[in-house]
Amino acid sequence: MNDDAQTHSDLRELYRELILDHARSPRHFGKLEGATHSADGINPLCGDKLKLYFRLDDDMRITDACFEGSGCAISVASASLLTDTVTGMTRAEATDFFHAVTDSLSGRTESAPIDLGKLRALQGVRQYPSRVKCATLSWHAMNAALNQDKNPATTE
Amino acid sequence: MSKAQLHTDDREAAYAGMDSLRSDFPSLAQDINGAPLVYLDSAASSQPATVVIEAISEYQKHDHANVHRGVHTLSHRATDAYEGARDAVVDFINANARCETLFTSGTTESINLVAQSFCKPRLKAGNKIVITHLEHHSNIVPWQMICEQTGAELIVIDIDEQGEVNLQQLYEVLDDSVKLLAIAHVSNALGTILPVKQIVEKAHAAGVPVLVDGAQAIAHMAVDVQDLDCDFYAFSGHKMFGPTGIGILYGKESLLEAMPPYKGGGDMILEVSFDGTTYNDLPYKFEAGTPNISSAIGLGAAVRYLQAVGMQRIASHEAELLAYMTSALGSMDDIRLIGTATHKAGVQSFLLADIHPHDLGTILDHQGVAIRTGHHCAMPVMSFFGISGTARASLALYNNTDDIDRLVVALDKARELFCK
């Protein structure tokens, strides 16, 4: 493989087709009317700013998840995948997922205790320390929302 | 030979000379991600020159001791080297006297020193501090802090779509209620060069003292503080091929003389008793505690290096390169240039299609090209343009047209990956 092709294949690890697809066409994008839980996620280094909204029913199950804001391809795709993934989960299940995803992306555990499914597409960021924060921003915001933290979540 | 031909030959000779300087910067000779490094982030921090690294190393190996304190040989050597560095800076910026040149930890501390020691004691509710919309956070937040503490008002002068400061608006607000005008010499995000000399003249006519944030100017053009006639001029060592943690505050002697110390401690005193303390003379009144001796010596070496190369020569080289870069980037339909003022230093912010600057930064880094991405500590500038950040390529004396060509190729790759 020549250098050029190598460069491209490494970048493709980070910017997989699934990531680019969610970045270009984010799912559940916009404000969620009637949200019961919401929180901001701010990455002061990049200026990425996301707001996540959730509607939880009486059994603390997430019936709807939406997000809005702006960010890089990695942070937008991660937020989009998040809303896809946690809809239908209980608050406890979503919290378990938060730990599994952030641990996995930060390289704290090689294999997550939970099957991350398509979220594995985000694991390319492990090679890019400065980009891990982009991928975990929405997850920290979700955790803050579910815990009803008053302060915005940051990745700093 | 025609005059134009002669000019071209001169330019080529200058280029050839400048290119040989590249080897004075050892960190540039390395591969990043399998490609030779193209460093286009000198506005964030420039690469250190070998002479700087060696000056620090020699000092650490042979001459280290505390300054202004001992009678032994090493203390003499350290003091001579430290004060020699100050002399070099005094000469470089053409300060009137060495007591006008204070070592600080960098531009940020220099500005905070002026805010706390010069401005705050003079500020009353209803007074004003004037800045512009294109300032770096370090020339915004210190003023917000003292305005909050004193009830003074912070006035922000507009910029336009090109990144030019509205001078007419600026001149109209200058009156005796304004206690300081604080302006960048060069905008770090937009590259705009402000007409500092003219602004200082107008401000002085209205009785307003002027602080100039020179962080982005000092390594790129000749700076003569007496010619500019500014009251304060601040800059950092690491943006001029020197080390981090060292910078300069130039201040007019009469102003510094009247200002109270900013920090208390050793070296800034003449006599201490529990009845009271007599402060040391300038510049030591403002240099409490053991200073950053090795970095000051490194800064001195950087200044001597810049003088040897010649600031006019550096300015012409970077102007040529900026024109080359602007034309290369400007010829791409999907590039939006942010910062298109008439008089600019070698800084170009831009956006490529709808690729987020951070993604662009990663893709370029993959090809060995280092640029800055984000808000560049100038969030109000980003808000003005309605964007969250930009990609920014910034030039220094060691860059050449090959670097720009590599940037262009790297941008093509980003486009290929993202915009199919």
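Everything quoted here is computed from the prediction, not taken from an experiment.

1. As for the overall build of chain B
Here is step 1 of the chain: Counting its secondary structure elements, chain B contains 14 helices and 17 strands.
Here is step 2 of the chain: Against the 2.2 N^0.38 benchmark of 22 Å for 420 residues, chain B shows a C-alpha radius of gyration of 22 Å, consistent with a compact globule.
Here is step 3 of the chain: When its C-alpha atoms are laid out on the principal axes, chain B stretches across 75 × 55 × 45 Å.
Here is step 4 of the chain: A buried classification covers 49% of the 420 residues belonging to chain B.

2. Side note on the interface of chain B and chain A
Here is step 1 of the chain: Across the contact, 14 residues belong to chain B and 17 residues belong to chain A.
Here is step 2 of the chain: A total of 5 residues in the side of chain B that touches chain A trace back to one element, the largest contributor, which is helix α12 (residues 357-366) of chain B.
Here is step 3 of the chain: Split by residue class, the side of chain B that touches chain A holds 3 nonpolar, 10 polar and 1 charged.

3. A few points about the domain arrangement of chain B
All names here are of chain B.
Here is step 1 of the chain: Annotation of chain B at the domain level lists domain 1 (3-41 + 311-418) and domain 2 (52-308).
Here is step 2 of the chain: Just the C-alpha atoms count here: the centres of domain 1 and domain 2 sit 28 Å apart.
Here is step 3 of the chain: At the level of elements, α11 (311-330), β14 (347-352) and α13 (379-385) are the ones that each hand at least two residues to the side of domain 1 that touches domain 2.
Here is step 4 of the chain: No other element matches α11, which puts 5 residues into the side of domain 1 that touches domain 2.
Here is step 5 of the chain: Of the residues that constitute the side of domain 1 that touches domain 2, the class distribution is 13 nonpolar, 8 polar and 3 charged.

4. Notes on the nonpolar core
Here is step 1 of the chain: Residues L52 and M142 of chain A together with L181, V210, I297 and A302 of chain B are the most contacted members of the largest nonpolar core, which totals 168 residues.
Here is step 2 of the chain: Residue assignment places this core across two domains, with domain 1 (3-41 + 311-418) and domain 2 (52-308) of chain B each supplying three or more.
Here is step 3 of the chain: Leave out the neighbours within four places in its chain, and A302 of chain B touches A49, V52, G237, M240, F241 and G242 of chain B.

5. Side note on the packing of helix α4 (residues 91-106) of chain A against helix α5 (residues 129-146) of chain A
All names here are of chain A.
Here is step 1 of the chain: At a minimum axis distance of 10 Å, the contact between α4 and α5 shows a crossing angle of 160 degrees. Relative to α5, α4 is oriented roughly antiparallel. Our pair here, α4 against α5, has a crossing hand that is left-handed. Contacts between α4 and α5 pair R91, A94, T95, F98, V101, T102, L105 and S106 from the former with V132, A135, T136, W139, M142, N143 and L146 from the latter.
Here is step 2 of the chain: Split by residue class, the contact of α4 with α5 holds 9 nonpolar, 5 polar and 1 charged.

6. Side note on the sheet that holds strand β13 (residues 335-338) of chain B
Through backbone hydrogen bonds, the strands of a sheet pair up, either in parallel or in antiparallel fashion.
All names here are of chain B.
Here is step 1 of the chain: Here we have 4 strands laid out as an open sheet, ordered β13-β14-β17-β16, and antiparallel in their pairing. Each of the sheet's edge strands pairs with one partner strand only, and the pair in question is β13 and β16 (372-374). Adjacent strand axes in the sheet meet at a mean angle of 30 degrees, parallel and antiparallel pairs treated alike.
Here is step 2 of the chain: Two strands pair when backbone bridges link them, and β14 and strand β17 (residues 390-394) are joined in this way by 4 bridges, in the antiparallel orientation.

7. Points about helix α3 (residues 73-86) of chain A
Here is step 1 of the chain: With 14 residues, α3 of chain A ought to run about 20 Å at 1.5 Å a step, and its terminal C-alpha atoms sit 20 Å apart, in line with that.
Here is step 2 of the chain: Most of α3 of chain A sits inside the fold, with 12 of its 14 residues counted as buried.
Here is step 3 of the chain: Of the positions making up α3 of chain A, those classed as buried are A73, I74, S75, V76, A77, S78, A79, S80, L81, L82, T83 and V86 of chain A.
Here is step 4 of the chain: Elements in contact with the buried residues of α3 of chain A: α2 (17-24), β2 (48-56), β3 (62-70), α4 and α5 of chain A together with α12 of chain B.
Here is step 5 of the chain: Of the residues trailing α3 of chain A, G88 of chain A is marked for its positive phi of about 100 degrees.

8. With respect to the confidence of the model for chain B
Here is step 1 of the chain: Across chain B, the average pLDDT comes to 94, with 96% of residues at or above 70.
Here is step 2 of the chain: The complex prediction reports pTM at 0.92, with the ipTM value standing at 0.86.

9. With respect to unusual backbone geometry
The general pattern is negative phi for most residues beyond glycine and trans for most peptide bonds.
Residues and elements named next belong to chain B.
Here is step 1 of the chain: Of note, the bond from L282 into P283 is cis; its omega dihedral lies within 30 degrees of zero at -5 degrees.
Here is step 2 of the chain: By the secondary structure assignment, P283 is in the loop between β12 (276-279) and α10 (293-309).
Here is step 3 of the chain: Even without glycine at this site, F241 takes up a positive phi of about 75 degrees.
Here is step 4 of the chain: Summarising the element assignment, F241 is placed in the loop between β9 (232-236) and β10 (247-251).
Here is step 5 of the chain: Of note, the phi angle at A353 is positive, near 45 degrees, even though the residue is not glycine.
Here is step 6 of the chain: Considering the arrangement of structural elements, one finds A353 in the loop between β14 and α12.

What counts as what
- Residues numbered from 1 in each chain as written.
- Chains lettered and ligands numbered in written order.
- Predicted model: local features only at pLDDT ≥ 70, side-chain atom pairs only at ≥ 80, totals over all residues.
- Helix = DSSP H or I, 4+ residues; strand = E, 2+ residues; numbered from the N terminus.
- Rg over C-alpha atoms; globule rule 2.2 N^0.38 Å.
- Buried ≥ 20, exposed ≤ 12 C-beta atoms within 10 Å, placed from the backbone.
- Contact = placed C-beta atoms within 7 Å.
- Nonpolar A, V, L, I, M, F, W, Y, C, P; charged D, E, K, R; others polar.
- Domains from an automatic or database assignment.
- Core = buried A, V, L, I, M, F, W, Y, C linked by C-beta atoms within 7 Å.
- Axes fitted to C-alpha atoms, helices over the stretch in contact; angles between N-to-C directions.
- Parallel < 35°, antiparallel > 145°, perpendicular 65-115°, else oblique.
- Left-handed = near helix turned anticlockwise from the far one by under 90°.
- Pairing = 2+ DSSP bridges.
- Expected span 1.5 Å × (residues − 1).
- pLDDT = per-residue confidence, 0-100.

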